[in-house]
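# Summary of the model geometry
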Amino acid sequence: MACSAPDPRPLAGLRVLDFSTLLPGPLATLILAEAGAEVVKIERPGTGDEMRLFPPQMPGGSAVFALLNRGKRSLCLDLKAPETRERLLPLLAGADVLVEQFRPGVMARLGLGYEALSALNPGLIYCSITGYGQTGPNAQKAAHDINWMAESGLLSLVADGDGAPVLPPALVGDIGGGAYPAVINILLALQVRARSGRGCHLDVSMQDGLWTFAYAALAEGFGTGRFPAASELLTHGGSPRYRIYRTADGRYLAAAPLEDRFWREFCAIVEVAETAGGTEIAARIASRDSAEWQRRFAGRDVCCSLVASIEEATRDPHFAARAVFAHRLRHGAAELPALPVPVDPGFRAPPGLLDSPALAEDRADQAVVPWQAPRTIPG
């Protein structure tokens, strides 16, 4: 049964200042906005968030920017200008949450560090998202998602036929190590503030967050004393029960019959012995086209799926039935489906159309008007 309340959005009335750019911080504040928070995006004058320049461009600007910033407001300020901090003071005093992803020390040099702002607003939850965290030898090092995955060992766990690491299909560090942990810890901090009245400084390291994804490799290494080599783990290529197989017509079958009951059914359909290895199974899958395998696997418990393109997946009746793309956004003259976010429908407004923010120049006075003292989110 879906959650329900007079206002279903649990973060309605929460005020968030978003100093972040690109993906991790904007995705985190998008999730907060979808749950009801009022998010004001602080952008540099002229160009704004670098994501506004990313392809593809549509009539209102970047589609990627639009997806990540639906329902937010924009405020342009030169953070290096001496008068900026004074103009920001009413917003800072009335904010519940601040999200930033500069390198450690940058916000403090601008007069916007946690120590200064917590003196102004003791209830402020100040979330810093960085690649390596606020402390440690690499704290000031420049890097992107693939660098954090390389240095944490994750890239070593799956290799192609030549033994080279495989380029991941998702920005795991930005999203799984940055945006999602930021949201989780902001919500935890709100619970603590409800009891203590005090805010805190959250140190979200995207590289630290990647270790959760290495749970199987850590269990192997810590538990046996021998860490796994590439494509050796059960779900990383080490078993024929969890592989991607090519079909006769050049499509691919994602097979995951891990449990014995699924494996027995799978082997019966593929017509191989239960002791068959990956090479034999690959040959059998390659002997039939994708339509034949779809027919054979239909309605059977085998945990097998054809690899769909993103375009095919967006047209899947299952996602339509679950209204995954029911929310929409408007960006300039263009309208498109909103980015799906992991917020229960019972905690969101009904599906509707929201704008992504145009670049708002020099509007600090307008942003101040509806803001009041920070409110306490009930525990």
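Named according to an unreviewed UniProt entry, the protein chain is CoA transferase originating from Rhodovastum atsumiense.

Turning our attention to the packing of helix H1 (residues 24-34) against helix H7 (residues 172-196). Packed helices, taken two at a time, are described by the angle their axes make and the gap between the axes. At their nearest, the axes of H1 and H7 sit 8 Å apart, and the two run at 40 degrees to each other. The angle between the axes of H1 and H7 places the two elements in the oblique class. By crossing handedness, the relation of H1 to H7 is classed as right-handed. In contact with Pro 24, Leu 27, Ala 28, Ile 31 and Leu 32 of H1, H7 contributes Asp 174, Ile 175, Ala 179, Tyr 180, Ala 182, Val 183 and Ile 186. In the contact of H1 with H7, the residues fall into 11 nonpolar, no polar and 1 charged.

Here the focus is the domain arrangement of the protein chain. Splitting the protein chain by domain gives domain 1 (15-212 + 320-355) and domain 2 (231-311). A straight line from the C-alpha centre of domain 1 to that of domain 2 covers 38 Å.

Moving on, we get to the pairing of strand E10 (residues 252-255). Side chains of E10 alternate between two faces, with Leu 253 and Ala 255 buried and Tyr 252 and Ala 254 left unburied. Where strand E9 (residues 243-246) and E10 come together, 4 bridges link them in antiparallel fashion. Of the residues in E10, the one forming a bridge with Arg 243 is Ala 255. Linking E9 to E10, which pair antiparallel, is a turn of 5 residues; within it Gly 250 sits at a positive phi near 85 degrees.

All right, on to the pattern of salt bridges then. Going through the model one piece at a time under the given rule, you end up with 20 salt bridges. Where Lys 72 meets Asp 18, a salt bridge forms, and the shortest distance between an N and an O atom there is 3.8 Å. Taken together, the residues Lys 72 in the loop between helix H2 (63-68) and strand E5 (73-76) and Asp 18 in strand E1 (residues 15-18) connect sequence positions 54 residues apart. Across the pair, Asp 18 and Lys 72 agree in class, each one buried.

This part takes up a nonpolar patch on the surface. A grouping of Ile 244, Tyr 252 and Val 307 is seen on the molecular surface, where their side chains present a nonpolar patch of about 280 Å² in accessible area. Positionally, Ile 244 belongs in strand E9. For Ile 244, a relative accessible area of 59% corresponds to the exposed category.

On to the layout of surface pockets. Left-over empty space is what a probe sized like a water molecule reveals as it rolls over the atoms. Approximately 940 Å³ is the volume found for the second largest pocket. As for the second largest pocket, its lining consists of 26 residues, of which Val 158, Pro 169, Thr 235, His 236 and Tyr 242 are closest to the centre. For the lining of the second largest pocket, the secondary-structure elements that each account for two or more residues are helix H10 (234-238), E9 and E10. The greatest single-element share of the lining of the second largest pocket, amounting to 3 residues, is contributed by H10. Among the residues making up the lining of the second largest pocket, the classes are represented as 20 nonpolar, 4 polar and 2 charged. Residues lining the lining of the second largest pocket come from more than one domain, with at least three contributed by each of domain 1 (15-212 + 320-355) and domain 2 (231-311).

So, about the environment of Asp 260. Counting through the fold element by element, Asp 260 comes out in helix H11 (residues 260-270). Of the residues examined, Asp 260 reaches a relative accessible area of 46% and is grouped as partly exposed. Through-space distance from the C-alpha of Asp 260 to that of Arg 241 is 9.6 Å; in sequence the pair is 19 residues apart.

What counts as what
Per-chain numbering applies: the sequence of each chain, read as written, is numbered from 1 onward. For this predicted model, a pLDDT threshold of at least 70 governs which residues receive local features, and a threshold of 80 or more governs which side-chain atom pairs are given and counted, while totals over whole chains, interfaces and linings are taken from all residues. The basis for every side-chain value is the complete set of heavy atoms in the structure, and neither hydrogens nor water enter the calculation. Every axis in this analysis is a line fitted to C-alpha atoms, fitted for helices over the stretch in contact. Angles between the N-to-C directions lie between 0 and 180 degrees. In this text, helices come from DSSP runs of H or I with a minimum length of four residues, and strands from runs of E with a minimum of two, each type numbered from the N-terminal end. Any angle that is under 35 degrees is reported as roughly parallel, and any over 145 degrees as roughly antiparallel; angles of 65 to 115 degrees are reported as roughly perpendicular and all others as oblique. By convention the crossing between two helices is left-handed if the near helix lies anticlockwise of the far one by an angle smaller than a right angle, and right-handed if it lies clockwise. Note on contacts: a residue pair qualifies if any of its non-hydrogen atoms lie within 4.5 Å across the two residues. Only Asp, Glu, Lys and Arg are considered charged in this grouping, and only Ala, Val, Leu, Ile, Met, Phe, Trp, Tyr, Cys and Pro are considered nonpolar; every other residue, Gly among them, is considered polar. The domain limits used here are those given by an automatic or database domain assignment. Accessible area is worked out with a 1.4 Å probe on protein chains only. A residue is then buried under 20% of its type maximum, exposed over 50%, and partly exposed in between. Two strands qualify as a pair provided that DSSP identifies no fewer than 2 bridges between them. Think of a salt bridge as a Lys or Arg side-chain nitrogen and an Asp or Glu carboxyl oxygen that are within 4 Å of each other. Distance thresholds for patches are 9 Å for like charges and 5 Å for nonpolar side chains (Val, Leu, Ile, Met, Phe, Trp, Tyr), applied to residues having over 30% relative accessible area and no salt bridge. Computed with the Shrake-Rupley method and a 1.4 Å probe, the accessible areas treat only the protein chains shown as cover for residues. For each structure, a 1 Å grid was placed over the protein atoms alone; sets of points admitting a 1.4 Å probe that cannot get out are labelled cavities, open sets with protein on both sides within 12 Å along at least five of seven lines are labelled pockets, and lining residues have an atom within 4 Å of a point. Grid points are joined across faces, edges and corners, and a volume is the space filled by probe spheres set on the points.

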